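Coordinates in review
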Amino acid sequence: MAQNATIYKVELSVSDMDRHYYETHKLTVAKHPSETDERLMVRLLAYALNAHEHLELAKGLSTDDEPDIWQKSLSGEIDVWVSLGLPSEKVMRQSCSKAKQVIVYAYGGRTAEAWWDKVGNGLARFDNLQVFRFPEPDTAALAKLASRAMKLQVNIQDGEVMVSAEDSVIYLTPIAWKGAA
């Protein structure tokens, strides 16, 4: 018998001084049975880094042709496509053809570095693609914050991120592997 998704209730307060975006989002997040706490928290962090009134959590893991997070225009075009982990070069090429902007947040330490060494050169031509990496100790610390009911405060300034939940604070800096042209 297949396992059901676990539902998380998240109050995500974003203070992004770089983009002048200040908002609190109340999210209901379905955690896929195969999804780790680390991936769930990276997904929430990616949401905060790209927060916008039209940003949505998509089906992600359960659907191959949808990102983890996306932002669509009022006419239904995909403005922002956000993927997590280590998507294949083929998936990233397809994403770049479907969306105005594609952002990948890689994590996983040496595995992520080996992945980027393999796919990086083949993706250099895509001007609408950005790839960032989160260091493994940072994502491991984020995973420890996961709980079924979370109140997260994310502050972003000068590319640095501070995530706080109750009495825990984590500082991280996404490392840019490929910026938009």
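This report concerns the structure included in the present document. Model, not experiment: these values are computed from the prediction.

Summing up its helical and strand segments, the protein has 4 helices and 11 strands in all. Radius of gyration (C-alpha) of the protein: 16 Å, near the 16 Å computed for a compact globule of 181 residues. Taken along its principal axes, the extent of the C-alpha atoms in the protein is 45 × 45 × 40 Å. Looking at the protein as a whole, 50% of its 181 residues are labelled buried. By sequence separation, contacts in the protein at least 24 residues apart represent 53% of the contacts at least 6 residues apart. Total accessible area on the protein stands at roughly 9,600 Å², and carbon and sulfur atoms take up 48% of it. The protein carries 20 positive and 25 negative side-chain charges, and their two centres are separated by 6 Å.

Moving on, we come to the pattern of salt bridges. Applying the stated criterion to the full structure yields 9 salt bridges. When the shortest N-O distance is used, the salt bridge between lysine 26 and glutamate 11 registers 2.9 Å. Of this pair, lysine 26 sits in strand S2 (residues 21-31) while glutamate 11 is found in strand S1 (residues 6-16), placing the two residues 15 residues apart along the sequence. You can call lysine 26 exposed: its relative accessible area is 68%. For glutamate 11, a relative accessible area of 25% gives the class partly exposed.

For an α-helix, 3.6 residues make a turn, and residues three or four places apart therefore share a direction. Here helix H1 (residues 37-49) spans 18 Å end to end across 13 residues, near enough to the 18 Å set by a 1.5 Å rise per residue. Taken together, the buried positions of H1 are occupied by Arg39, Leu40, Met41, Val42, Arg43, Leu44, Leu45, Ala46, Tyr47, Ala48 and Leu49.

We now examine the packing of H1 against helix H4 (residues 136-143). Here H1 crosses H4 at 100°, and the two axes come no closer than 8 Å. With respect to H4, the axis of H1 lies roughly perpendicular. Touching Asp37, Glu38, Met41, Val42 and Leu45 of H1 are Glu136, Thr139, Ala140, Leu142 and Ala143, all from H4.

How each quantity is defined
Residues numbered from 1 in each chain as written. Predicted model: local features only at pLDDT ≥ 70, side-chain atom pairs only at ≥ 80, totals over all residues. Heavy atoms only, no water. Helix = DSSP H or I, 4+ residues; strand = E, 2+ residues; numbered from the N terminus. Rg over C-alpha atoms; globule rule 2.2 N^0.38 Å. Buried < 20%, exposed > 50% of the residue type's maximum accessible area, 1.4 Å probe, protein only. Contact = heavy atoms within 4.5 Å. Areas by Shrake-Rupley, 256 points an atom, 1.4 Å probe, with all protein chains shown as cover. Lys, Arg positive; Asp, Glu negative; His and termini not counted. Charge placed at Lys NZ, Arg CZ, Asp CG, Glu CD. Salt bridge = Lys/Arg side-chain N within 4 Å of Asp/Glu carboxyl O. Expected span 1.5 Å × (residues − 1). Axes fitted to C-alpha atoms, helices over the stretch in contact; angles between N-to-C directions. Parallel < 35°, antiparallel > 145°, perpendicular 65-115°, else oblique.

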